[in-house]
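Read off the chains here:
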Amino acid sequence: MRRRGLLLAAFALLLAATASAQQRPIFDVDDFVDPRQHDGPVFISRLIAGVARNFVDDYRPLGKDAGFIELTNSFYRENLQFDYKHSEVRGENRAPDPVRCGCNPPLYFPTPPPPGATPAAPQPGSRDTLQVGFYRMELVGPADPPIALRTRFTFSRQKLTTHIRSFTTGELVEQRSGHDQSIGVDADTHFVFRGHDIWGSLVYARSSTSGTLAERRTQQEFAYVARPPGISLWRLLARATLTVGGVTNRGGTALNIVNPALEAFWHSHATRANVHLVWSPLSMRDGEGWRTHHQIALFVDRALYIR
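Criteria and cut-off values
- Residues numbered from 1 in each chain as written.
- Predicted model: local features only at pLDDT ≥ 70, side-chain atom pairs only at ≥ 80, totals over all residues.
- Heavy atoms only, no water.
- Helix = DSSP H or I, 4+ residues; strand = E, 2+ residues; numbered from the N terminus.
- Rg over C-alpha atoms; globule rule 2.2 N^0.38 Å.
- Buried < 20%, exposed > 50% of the residue type's maximum accessible area, 1.4 Å probe, protein only.
- Areas by Shrake-Rupley, 256 points an atom, 1.4 Å probe, with all protein chains shown as cover.
- Lys, Arg positive; Asp, Glu negative; His and termini not counted.
- Charge placed at Lys NZ, Arg CZ, Asp CG, Glu CD.
- Pairing = 2+ DSSP bridges.
- Patch = residues over 30% accessible without salt bridge, like charges linked within 9 Å, V, L, I, M, F, W, Y side chains within 5 Å.
- Salt bridge = Lys/Arg side-chain N within 4 Å of Asp/Glu carboxyl O.
- Contact = heavy atoms within 4.5 Å.
- Core = buried A, V, L, I, M, F, W, Y, C linked by side-chain atoms within 4.5 Å.
- Disulfide = S-S within 2.5 Å.
- Phe/Tyr/Trp six-rings, centres within 6.5 Å; stacked < 30°, edge-to-face > 60°.
- Lys NZ or Arg CZ within 6 Å of the ring centre and 35° of its normal.

Looking only at helices and strands, one finds one helix and 15 strands in the protein. Computed over its C-alpha atoms, the radius of gyration of the protein comes to 21 Å, within 12% of the 19 Å expected for a compact globule of 307 residues. Within the protein, buried positions represent 44% of all 307 residues. Accessible area of the protein: about 16,000 Å², with a carbon and sulfur share of 61%. Here the protein carries 35 positive and 29 negative side-chain charges, and the mean point of each set is 2 Å from the other.

Let us now look at the pairing of strand β9 (residues 196-209). Bridge count for strand β8 (residues 172-193) against β9 is 14 bridges, and the pairing is antiparallel. By the bridge assignment for β9, F191 is matched with I198. If you look at the hairpin formed by β8 and β9, you'll find two residues sitting between the two strands, and R194 has a positive phi there, around 50°. Pairing analysis gives 10 bridges linking β9 to strand β10 (residues 217-226), with the strands arranged antiparallel.

There is a patch of nonpolar side chains on the surface, built from V51, I231, L233, L236, L262, W266, V275, L277, W279, I296, L298 and V300 and spanning about 1,000 Å² of accessible area. Relative to the helices and strands, V275 resides in strand β14 (residues 273-286).

With respect to the helices, strands and loops of the structure, L130 is situated in strand β6 (residues 126-138). The sequence separation of L130 and E88 amounts to 42 residues, and the corresponding C-alpha distance is 15 Å. Dropping the residues within four chain positions of it, L130 is found in contact with D83, Y84, F153, T154 and F155.

Counting 14 residues, the largest nonpolar core has I26, F27, I48, F55, F68, V89 and F299 as its most contacted members. Breaking this core down by element, the ones donating at least two residues are β1 (42-53), β2 (66-77) and β15 (289-306). Not counting the four nearest positions on each side in its chain, F68 is found in contact with F27, I48, A49, G50, V51, A52, E88, V89, L298 and F299. Membership of the second largest hydrophobic core comes to seven residues, among which are V33, V42, I44 and Y76.

Bringing the pattern of salt bridges into the picture now. Side-chain pairs of opposite charge can arise where the charged atoms are in close proximity. With the rule as written, the count across this model stands at 19 salt bridges. For D65, the salt bridge is made with R53, and the minimal N-O distance between the two is 2.9 Å. Of this pair, D65 sits in the loop between β1 and β2 while R53 sits in strand β1, and the two are 12 residues apart along the sequence. One salt bridge connects R152 with D83, and the closest N-O pair in it is separated by 3.2 Å. Taken together, the positions of R152 in strand β7 (residues 147-166) and D83 in strand β3 (residues 80-91) put the pair 69 residues apart, joining distant regions of the chain. No difference in accessibility class separates R152 from D83, as the two residues are buried. Several salt bridges share partner residues, and in doing so they unite D28, D30, D31, D83, K85, R150 and R152 into one network.

So, about the state of the cysteines. Applying the stated criterion across every chain, the model contains one disulfide. Paired by a disulfide, C101 and C103 hold their sulfur atoms 2.1 Å apart.

Scanning the model with the defined rule gives five aromatic pairs in all. Ring geometry for F68 and F299: centres 6.0 Å apart, planes at 65°, overall edge-to-face. Of this pair, F68 sits in strand β2 while F299 is found in strand β15, placing the two residues 231 residues apart along the sequence. Exposure remark for F68: the relative accessible area of 5% places this residue in the buried category. On the accessibility criterion, F299 (2% relative accessible area) is buried. Three or more aromatic residues link up through ring pairs in this structure, and these residues are F27, F68 and F299. Looking at R176, its charged tip hangs above the ring of Y108, at a distance of 5.3 Å from the centre.

Printed below as a string of structure tokens:
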């Protein structure tokens, strides 16, 4: 196969692959490319842009709609994959700066959530993500070709700055600087149950936030993501995932996350762009009980450069 045809085949596989293990953020499309689809190094640069209703940031509801844009650069060599992603997220209305009264001890408004509650999401902004993944081959039967599974490590970071103003005068009286960062790993899994292939991923991540009114907050996430096969409906591809797991520091460490998601996307041959529509009803439990947040995203992704 000629090199260009090989790259196009790799990109087609990228678009048709099952949904990514980590569904955060909702616009982070999958970029799985089987190493057998290319005979040399491959570089893909892609742009993603769209809007989301009831945006959720790392299992923390923002409480508003948001627009986003992301530039992704991926490099594949043999069984390794390297990614750098830069995203910009903006909420529909910027929240006002928190205020502080002049009393002793000082009181702040709005009051931070208590330790056992779901933490507030940081204000939307710029985030940088680095990922390193490697593919491994697994034998499924003597007559079947091996399947490719990926394990990927992720590090993301967003700089945070909180301006605190006087309750009476509105003047800037305090400034806090910090970050919201996460480090994690997700590993694809596969097993056969009663003759059916069961695809999924195991996910672990540790996140920490500083520079806000709340004390330094950390959380650990343990989850399993089930990924049933996708289906084709005319020119639409549809796929679903089901995430079940637990997040610490939410009023308990038992199962407190249930997140099904359904995605449909359409490929335009004329523009070589893909239109995605994702519905992700996220149910979370904290010290105050279960709540469901219906997150919906509409976005477009297109490869800018393939080599």
